[in-house]
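# Residue-level structural notes
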Amino acid sequence: GVTWDAFLADVQSQRDKWQTNAGRATVDADLVQRFKRVAPGLKILVVAEPSCSDSVNTIPYLAKLAALTGVDLRIVNKATGAPVIEHHLTPDGRTATPTVILLRDGKEAGVWVERPAVLQTWHMSMAALDSDERLRRKLSWYDWDRGATTLAEIVALAEK
């Protein structure tokens, strides 16, 4: 996979949003300390696509957490990561990006798929809405949350 900096430099789709989220990414100090405690031997592999609305609203914050804690983060595209995402489906049985794999000493230690649990439940409950309205509401939630829920879930996963 490529580093976060290399990935971000090559992004064309949603470039402004990627750069905005990268520029405003912050991580709660408590999450940084908790992640540092479990960081030894940990690496992160992410399957992401620049055009994916969930990726652009997740990966910049995860990259910031990784940078602040010295954890190696690598990103691959959906084609390269196909075996990974086919093995780790969403709750409703789809392949999705982003898929975040926590590796400890070279072995899978945890997986986080697509979006935070609370957003996934909320998004699935809005099935009656047209897709444009669902997307608008999802993106509004992401702008409000700014990666906090995602990072809390990933840190808790790493602590297991």
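This write-up is about the structure you can find in this document. For every chain, the first residue of the written sequence is number 1, and numbering continues from 1 onward in sequence order. Residue-level local features of this predicted model are given only where pLDDT is at least 70; pairs of side-chain atoms are given and counted only at 80 or more, and the full residue set underlies all totals for whole chains, interfaces and linings. Where side-chain values are given, they derive from all heavy atoms of the structure, hydrogens and water being excluded.

A run of DSSP states H or I qualifies as a helix once it reaches four residues; a run of E qualifies as a strand once it reaches two. Both are numbered from the N-terminal end. Counting secondary structure elements, the protein contains nine helices and four strands. From first element to last, N terminus to C terminus, the protein shows the α and β order α-α-α-β-α-α-β-α-β-β-α-α-α. A compact globule built from 160 residues would reach a C-alpha radius of gyration of about 15 Å, and the protein, at 15 Å, matches this within 12%. In terms of its C-alpha atoms, the protein occupies a principal-axis envelope of roughly 45 × 30 × 30 Å. Only protein chains enter the accessibility calculation, which uses a 1.4 Å probe; a residue is then buried when its area is under 20% of its type maximum, exposed when over 50%, and partly exposed in between. For the protein, with 160 residues in total, the buried portion stands at 44%. To get the radius of gyration, use the C-alpha atoms; to get the globule rule, take the number of residues to the power 0.38 and multiply by 2.2 Å.

Further remarks concern the packing of helix α5 (residues 59-69) against helix α9 (residues 148-159). Only the contacting stretch of a helix is used when fitting its axis, a line to C-alpha atoms as for every element, and angles between N-to-C directions run 0 to 180 degrees. Following both chains from N to C, one finds α5 and α9 inclined at 50 degrees, their axes separated by 9 Å at the closest point. Of the possible angle classes, the one that applies to α5 and α9 is oblique. Our pair here, α5 against α9, has a crossing hand that is right-handed. The residues of α9 that touch α5, namely those facing Y61, L62 and L65, are L151, I154 and V155. When the residues that make up the contact of α5 with α9 are grouped by side-chain class, the tally is six nonpolar, no polar and no charged. Angles below 35 degrees are treated as roughly parallel, those above 145 as roughly antiparallel, those between 65 and 115 as roughly perpendicular, and all remaining angles as oblique. By convention, the crossing between two helices is left-handed when the near helix turns anticlockwise from the far helix through less than a right angle, and right-handed when the turn is clockwise. Contacts are assigned to residue pairs with any non-hydrogen atoms lying within 4.5 Å of each other. Polarity classes work like this: nonpolar for Ala, Val, Leu, Ile, Met, Phe, Trp, Tyr, Cys and Pro, charged for Asp, Glu, Lys and Arg, and polar for all others, with Gly in that last group.

In contact at an axis separation of 8 Å, helix α2 (residues 15-24) and α5 are set at 35 degrees when each is read in the N-to-C sense. Considering how the two elements wind past one another, α2 and α5 form a crossing that is right-handed. Taking contact as the criterion, the partners of W18, N21, A22 and R24 in α2 are, on α5, I59, P60 and Y61. Looking at the contact of α2 with α5 residue by residue, the classes come out as five nonpolar, one polar and one charged.

Another aspect to go through is helix α8 (residues 131-145). A helix is expected to span 1.5 Å multiplied by its residue count minus one. End to end, α8 covers 21 Å across 15 residues, agreeing with the expected 21 Å (1.5 Å per residue, within 8%). If you check which residues of α8 are buried, you get K138, W141, Y142 and D145. Looking down the long axis of α8, one finds its buried residues gathered within 100 degrees of arc, a one-sided arrangement. Set apart from the buried face of α8 by more than 90 degrees, the exposed residues are D132 and W144. Buried residues along α8 sit in contact with α4 (53-56), α7 (117-125) and α9. Directions pointing from the helix axis toward each C-beta atom define the arc.

Looking now at the pairing of strand β1 (residues 42-47). For two strands to pair, DSSP has to find at least two bridges joining them. As defined by bridge partners, β1 adjoins strand β3 (residues 99-104) across six bridges and the pair is classed as antiparallel. Across the sheet, V46 pairs through a bridge with V100, a residue of β3. Relative to strand β2 (residues 72-76), β1 is paired through five bridges, and the arrangement is parallel. Note on β2: the bridge partner recorded for V47 is V76.

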